[in-house]
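Examining the three-dimensional arrangement
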Amino acid sequence: MNNKTIILTGDRPTGPLHLGHYVGSLRQRAILQHDYQQFILVADLQGLTDNGSTPQKIRDNIPEVLADYLAAGIDPSLTTICLQSALPALAELTTLYMNIVTVARVERNPTVKNEIAQKGFARSLPVGFLVYPISQAADITAFKAEVVPVGDDQLPMIEQTNEIVHKMNSLLPAPVLSHCKALLSETSRLPGIDGNAKMSKSLGNTLLLSASEEAIHHAVSTMYTDPNHLKVSDPGKIDGNMVFTYLDAFHPDKAKVAEMKAHYQRGGLGDRACKNELEMCLQELIAPMRERRATYIQDKGMLMAMLKKGSEQAHEITQQTLREVKQGLGLPVF
Ligand code: ATP
Ligand code: MG
């Protein structure tokens, strides 16, 4: 074991990964893996919390997400990629943590509240879904992660995790669990291509890392701009203009984007020209990922073997944390 700071992040295998994942977290992970000890968890159990009746959806998407990781530059020799359901310590810690979190507290989590409303669960809300932030706290703490690179929808999860860490540590003779902090990227919430506040698999408003040339073209050409910018010569608005939101998130030349914004605002720059610039940059970003991914996804055996190996490494680490918590609580450890 080295003493590098530990990172844990994860993704639900509910569909292939998209540009929101890329700018919100994945791009940072590919950089951070060189300086931190990084774990990435394929959160299949969390994926099941709102897909309990369609487990094949979760199963089928595991290799899809793995192929996306590799395509986005995650290197399995630097990052340990593991599977949530292969790590029983995570489920056991969840059970222990559930006793120190109140129902009122889980019901107050704003991200979960929002997701419950969006999914229209009402009385059919699965228990597992309501408590998934507790299971996420188990994931993070089992690895003793201190840094969690995530989108801003995850801030309430980190806050709740730290409350659990504080409470659990106070019950133990000496602290076992580490506090963690979220690491937000510059684009901590990428809106969907439909203009919705968040690009999300569940909302069907994504542009995938594996998007075809045509899909990229279609997404950009139907993108919402300033509805009052009718003539090229009209001054246009940047605020809420999706094309500029995306140029900010993806264009490598910030000075050029600043110049385009100024030109658009004073009039004389058309939507078509802005969209062409955006499409060019997205085509350039996605094409190499799409190509690499197409190769990886053909070898699902290799992808699953990589996941098995990572899960075996993670098993030892997470069991150790569980042992320490149980011992601290005075439970017999056989
Ligand atoms: P689902 O709809 O199934 O919840 P999702 O698209 O929200 O899927 P997750 O697997 O829940 O994706 O999220 C994985 C990680 O990616 C989290 O850290 C999350 O904050 C980040 N992320 C997801 N969507 C975005 C987005 N639009 N902008 C920034 N970060 C995002
Ligand atoms: Mg999500």
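Thresholds, definitions, all that
- Residues numbered from 1 in each chain as written.
- Chains lettered and ligands numbered in written order.
- Predicted model: local features only at pLDDT ≥ 70, side-chain atom pairs only at ≥ 80, totals over all residues.
- Heavy atoms only, no water.
- Near = heavy atom within 4 Å.
- Polar contact = N/O pair within 3.5 Å; in protein donor to acceptor, adjacent residues only side chain to side chain.
- Areas by Shrake-Rupley, 256 points an atom, 1.4 Å probe, with all protein chains shown as cover.
- 1 Å grid on protein atoms, 1.4 Å probe; cavity = no way out; pocket = protein on both sides within 12 Å on 5 of 7 lines; lining within 4 Å.
- Sits in = over half its atoms within 2 Å of the grid points.
- pLDDT = per-residue confidence, 0-100.
- Points joined across faces, edges and corners; volume = space filled by probe spheres on them.
- Helix = DSSP H or I, 4+ residues; strand = E, 2+ residues; numbered from the N terminus.
- Nonpolar A, V, L, I, M, F, W, Y, C, P; charged D, E, K, R; others polar.

Some words on the site of ligand 1
Neighbouring ligand 1 are 20 residues, the closest being T14, D153, K198, S200 and S202. One of the backbone N or O atoms of G151 is found 2.8 Å from an oxygen atom in ligand 1. Starting from 600 Å² of accessible surface for ligand 1 in isolation, the protein chains cover 96%. Using a 2 Å cut-off from the grid points, one finds that ligand 1 occupies the largest pocket.

Concerning the confidence of the model for the protein chain
The share of residues in the protein chain with pLDDT of 70 or more is 100%, and the mean pLDDT across the chain is 97. Taken together, the chains of this predicted complex give a pTM of 0.96 and an interface ipTM of 0.96.

Observations concerning the layout of surface pockets
In this structure, the largest pocket encloses a volume near 890 Å³. Lining the largest pocket are 45 residues; nearest its centre among them are R12, H21, D153, Q154 and K198. Residue assignment for the lining of the largest pocket shows that the elements contributing at least two residues are strand 1 (6–11), helix 1 (19–32), helix 6 (110–119), helix 8 (132–142) and strand 4 (147–149). Broken down by element, the residue count for the lining of the largest pocket peaks at six residues, all from helix 6. Here the lining of the largest pocket is composed, by residue class, of 14 nonpolar, 20 polar and 11 charged. Size it by volume and the second largest pocket reaches roughly 200 Å³. If you go around the second largest pocket, you meet 14 residues; those closest to its centre are L45, T49, T94, G128 and S135. Looking at the lining of the second largest pocket, the elements with two or more residues in it are helix 2 (44–48), helix 4 (88–98) and helix 8.

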